[in-house]
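Here is how the chains run, residue by residue.
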Amino acid sequence: MKKMNFVLILFLPVFLVFTYCRHDESDFSNIEQVCFDPDVKAIFTANCAISGCHSGSGGEAGFVLDNYQGIMKGISPGDPLKSEIYKAITNEWFEMMPPDNPLNEQQRIIIRIWIEQGAENTNCSPGK
């Protein structure tokens, strides 16, 4: 009996960690379309594509996040969990990007929905 209690005490926390610590698997298919321009592009332009980070020809870690083509180098359309950029802005174990002022939850959700919806180069700006 003592051996059984020991096994339960040892493995219960491990079981709980693996069952409760997972990414949100929400279904975003019924949500209104998120447009690249202005919705997603504005987030990257204001927070990531700034001097010394992910702008211009250099871009930290090889990512230039001031245009669609540059952003798509780190995006797997339809799968945010395989998208390097999405992982960088949602990583809770290491430093989230941007490092000095990580994106807020609403901004991360907009990017996730856009990726889930296929990460298309849509333009929903008025007059375009």
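Treat the numbers as computed from the prediction; the structure is a model and nothing was measured.

Definitions and cut-offs
- Residues numbered from 1 in each chain as written.
- Predicted model: local features only at pLDDT ≥ 70, side-chain atom pairs only at ≥ 80, totals over all residues.
- Heavy atoms only, no water.
- Helix = DSSP H or I, 4+ residues; strand = E, 2+ residues; numbered from the N terminus.
- Buried < 20%, exposed > 50% of the residue type's maximum accessible area, 1.4 Å probe, protein only.
- Contact = heavy atoms within 4.5 Å.
- Expected span 1.5 Å × (residues − 1).
- Polar contact = N/O pair within 3.5 Å; in protein donor to acceptor, adjacent residues only side chain to side chain.
- Disulfide = S-S within 2.5 Å.
- Phe/Tyr/Trp six-rings, centres within 6.5 Å; stacked < 30°, edge-to-face > 60°.

Enquirer: Please give an account of the overall build of the protein chain that cites residues and values.
Expert: Each helix and strand in the protein chain was counted, giving five helices and zero strands. Tracing the protein chain from N to C terminus, the helices and strands come up as α-α-α-α-α. Taking all 128 residues of the protein chain together, the buried fraction comes to 30%. Pairs at least 24 residues apart make up 57% of the contacts formed inside the protein chain by residues separated by at least 6 positions.

Enquirer: Give a description of helix α5 (residues 105–116) that names residues and reports values.
Expert: Taking 1.5 Å of rise per residue, the twelve residues of α5 would be expected to cover 16 Å, and the 16 Å separating its terminal C-alpha atoms lies within 8% of that figure. Of the positions making up α5, those classed as buried are Gln107, Ile111, Arg112, Ile113, Trp114 and Ile115. Of the surrounding secondary structure, the elements contacted by the buried residues of α5 are α2 (39–47), α3 (68–72) and α4 (84–90). Capping of α5 at its N-terminal end is provided by Asn104; its side-chain oxygen lies 3.1 Å from the backbone amide nitrogen of Gln106.

Enquirer: For the state of the cysteines, give the residues involved together with the corresponding values.
Expert: Counting across every chain of the model gives one disulfide. Between the sulfur atoms of Cys35 and its disulfide partner Cys124 the distance amounts to 1.6 Å. Across the S-S bond linking Cys35 and Cys124, the dihedral sits near -60°, which makes this disulfide left-handed. Of the two residues, Cys35 is situated in the loop between α1 (2–20) and α2 and Cys124 in the segment after α5; the sequence distance between them amounts to 89 residues.

Enquirer: Describe the side chain of Thr122, naming the residues involved and giving the relevant values.
Expert: Structurally, Thr122 can be placed in the segment after α5. Of the polar contacts made by the side chain of Thr122, one reaches the backbone nitrogen of Phe36; its length is 3.0 Å. Look past the residues within four positions of Thr122 in its chain and what remains in contact with it is Gln33, Val34, Cys35, Phe36 and Asp37.

Enquirer: Now, about the packing of aromatic side chains: what can you tell me, with residues and values included?
Expert: Evaluation of the coordinates by the stated rule reveals three aromatic pairs. Relative to Tyr68, the ring of Phe36 has its centre 5.1 Å away and its plane inclined at 80°; by these criteria the two rings are edge-to-face. In this pair, Phe36 sits in the loop between α1 and α2 while Tyr68 sits in helix α3, placing the two residues 32 residues apart along the sequence. By the burial criterion, Phe36 is buried, and Tyr68 matches it. Residue classification places Phe36 among the buried residues on the basis of a relative accessible area of 3%. Ring pairs connect the aromatic residues Phe36, Tyr68 and Trp114, which therefore count as one cluster.

Everything listed here is a matter of coordinates, which is why it stays silent on function.
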